[in-house]
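# Coordinates in review
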Amino acid sequence: MRFHLIILLVTACSSALAQSGRPEQAPAARIALIDRIVAVVNKEVITQYELAERLNRVLKELQRRETSLPDRSEIERQVLERLIIEKAQLQYARETGVRVDDLELDRTVNRVAEGNKLSLSEFRQTLERDAIGFDRFREELRNEILMNRLRDREVTGKITVSEGEIENFLLEQGERKDTATEYKLAHILVRVPEQATPEQLDTRRARAEEVVKRFRDGTDFAQLAAAYSDAPDALQGGVMGWRSQERLPELFVEALAKLKPGDVSSVLRSPAGFHVLKLVELRGAGAPLLVEQAHVRHVLLRTNELVSEDEAKRKLMSLRERIVNGVNFAELARLNSDDSSASRGGDLGWVYPGDTVPEFERAFMELKPMEVSQPVKTPFGWHLIQVLERRTADMSSERRRIEARKALLERKGDEAYQEWLRQLRDRAYVELRLEER
């Protein structure tokens, strides 16, 4: 299917007819290009307008982070590649029935606004002030949710961790207990197509080697990531944040063991392509196994068509007043809570950090023993929370296994996601027209 440039013909009006009745010759039409196609992804297109809009936002973000900017052509190519991969993911999501309905999207928008401590109207005004249309923001958020769901279904949901892997992990963790195990990393990935030819491999490896050379010549790593990396975090300077050894591929751990903070690795090869790592910072001598736990109970009121946000909040305020005046918390939880813990008087047992959603955890972490919170809003509804007691305890063997499984899933998930993206990109029909000026 051939696509053509989108043009606007601005034609000058012909002048009045001469008195003789013979029309004057119209001036030549002027053609002004207002948009064009820069890439075709399967049966859809990416336009110059889409690319320019995304590019401007990326450049503003890089400037905000005070990242040295690469050549505009390099960053333009990176942004276009991300648009291509996004387009391929969204097409696949639609084809395979992944959906996000408007009601769910509205709730997510509200949570984003609340997370920024703004009302919905204030949040809309903030977006408009930053030249981001509210409707466009909603659709981009919908696309982000779709891509996350796609990753969960196609990658994360298919990863398994065996009991043997957990046992080996715990043994390795014990052996590494006295060594530094947490790294703050930045990362560049030069992706290699599936079934790449030797010439393609040489070209991609040379690109990764150029990254190492330019860094050692003094170029900022964040600038190199923005210009060269095919990883999702490229435009954030390739920053991966803090990662413990167990959350990293063995390939990375072995390379990092040879680096000092500020160093970059040599080029590393994995199934996804070629990698360059920068060790930003190093900390720890083994993650401590002692954690602070809180014995927590709560009352949950869910909102729906019959119970509004204001009604739920008012009811919890009334319940809180009764508890403060001596009414038994557990009894009120049994009678009023919409949570499965109601039969236990709202008792959630001993809670570890990370077990609950951030809003809930922030609230109970601020409470003294036996203190009752004000109503707390989370994605599940409105809560009253009480901390019965606190303790610092060694993690049980069961808990260690849970943490080991999570770490292994994350380690495998990162590798599998990169491989899945590569395969999706390779299967898509992509025609690049960026150079057609």
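Here goes a summary of the coordinates provided. Keep in mind the model is a prediction, meaning the values are calculated, not measured. (Residues numbered from 1 in each chain as written. Predicted model: local features only at pLDDT ≥ 70, side-chain atom pairs only at ≥ 80, totals over all residues. Heavy atoms only, no water.)

## A few points about the environment of Pro70
Position of Pro70 among the secondary structure elements: in the loop between α1 (48-64) and α2 (72-95). For the pair formed by Pro70 and Tyr228, sequence separation is 158 residues and the distance between their alpha carbons is 9.6 Å. Ignoring any residue separated from it by four or fewer positions in sequence, one finds Pro70 in contact with Ile75, Gln223, Ala226 and Ala227. (Helix = DSSP H or I, 4+ residues; strand = E, 2+ residues; numbered from the N terminus. Contact = heavy atoms within 4.5 Å.)

## Re the nonpolar core
Of all hydrophobic cores here, the largest spans 43 residues; its most connected members are Ile46, Leu51, Ile75, Val79, Leu80, Ile84 and Trp420. Contributions of two or more residues to this core are made by β3 (37-41), α1, α2, α3 (102-115), α4 (120-129), α5 (134-154) and α13 (397-427). No other element matches the nine residues that α2 contributes to this core. The next biggest cluster of nonpolar side chains, apart from the first, holds 17 residues, and it includes Phe215, Tyr228, Val267 and Phe274. (Core = buried A, V, L, I, M, F, W, Y, C linked by side-chain atoms within 4.5 Å. Buried < 20%, exposed > 50% of the residue type's maximum accessible area, 1.4 Å probe, protein only.)

## Overview of helix α10 (residues 309-324)
Helix length check: α10 (16 residues) gives 23 Å between terminal C-alpha atoms against 22 Å at 1.5 Å per residue, within 8%. Taken together, the buried positions of α10 are Ala312, Leu316, Leu319 and Ile323. The buried residues of α10 occupy an angular sector of 60° when projected down its axis, which confines them to one face. Away from its buried face by more than 90 degrees, α10 exposes Asp310, Arg314, Glu321 and Val324. Gly326, located one to two residues past α10, shows a positive phi value of around 115°. (Expected span 1.5 Å × (residues − 1). Arc of directions from axis to C-beta.)

## Quick word on helix α12 (residues 358-365)
Within α12, the full set of buried residues consists of Phe360, Ala363 and Phe364. Along the axis of α12, the buried positions cluster into a sector of 90°, meaning they face one direction only. The exposed set on the far side of α12, more than 90 degrees from its buried face, consists of Pro358 and Arg362.

## Topic: the environment of Leu80
Position of Leu80 relative to the elements: it lies in helix α2. Looking at Leu80, the relative accessible area reads 4%, which means it is buried. With 41 residues separating them in the primary sequence, Leu80 and Ala39 have C-alpha atoms 8.2 Å apart. In contact with Leu80, not counting residues within four places along its chain, are Val38, Ala39, Ile46, Leu51, Leu432 and Leu434.

## Structural notes on the pattern of salt bridges
This structure, assessed with the given rule, holds 30 salt bridges. Here Lys87 and Glu44 are joined by a salt bridge, their closest N and O atoms 3.8 Å apart. With a gap of 43 residues between them, Lys87 in helix α2 and Glu44 in strand β4 (residues 44-47) connect regions that are remote in the sequence. The buried category is assigned to Lys87, whose relative accessible area is 17%. Taking the shortest distance from any N to any O, the salt bridge between Arg149 and Glu104 comes out at 2.1 Å. Here Glu104 lies in helix α3 and Arg149 lies in helix α5, a separation of 45 residues in the sequence. Here the salt bridges share partners, and the residues they tie into one network are Glu44, Glu50, Lys87 and Arg94. (Salt bridge = Lys/Arg side-chain N within 4 Å of Asp/Glu carboxyl O.)

## Here's the deal with empty space enclosed by the protein
The tally for this structure, following the rule as stated, stands at one cavity of 30 Å³ or more. Space inside the largest cavity adds up to approximately 40 Å³. In terms of lining, the largest cavity is formed by Glu292, Gln293, Ala294, Val351, Tyr352, Pro353, Glu361, Phe364, Met365 and Arg390. Listed by contribution, the elements that provide at least two residues to the lining of the largest cavity are β9 (290-301) and α12. (1 Å grid on protein atoms, 1.4 Å probe; cavity = no way out; pocket = protein on both sides within 12 Å on 5 of 7 lines; lining within 4 Å. Points joined across faces, edges and corners; volume = space filled by probe spheres on them.)

## Some thoughts on the pairing of strand β5 (residues 182-191)
The element β5 is extensively covered by neighbouring structure, given that eight of its ten residues are classed as buried. Of the strand pairs in this sheet, β5 and strand β6 (residues 239-244) are connected by five bridges, and their pairing is antiparallel. Across the sheet, residue Lys184 finds its bridge partner in β6, namely Trp242. Two elements, β5 and strand β8 (residues 273-283), share ten bridges in a ladder whose sense is antiparallel. (Pairing = 2+ DSSP bridges.)

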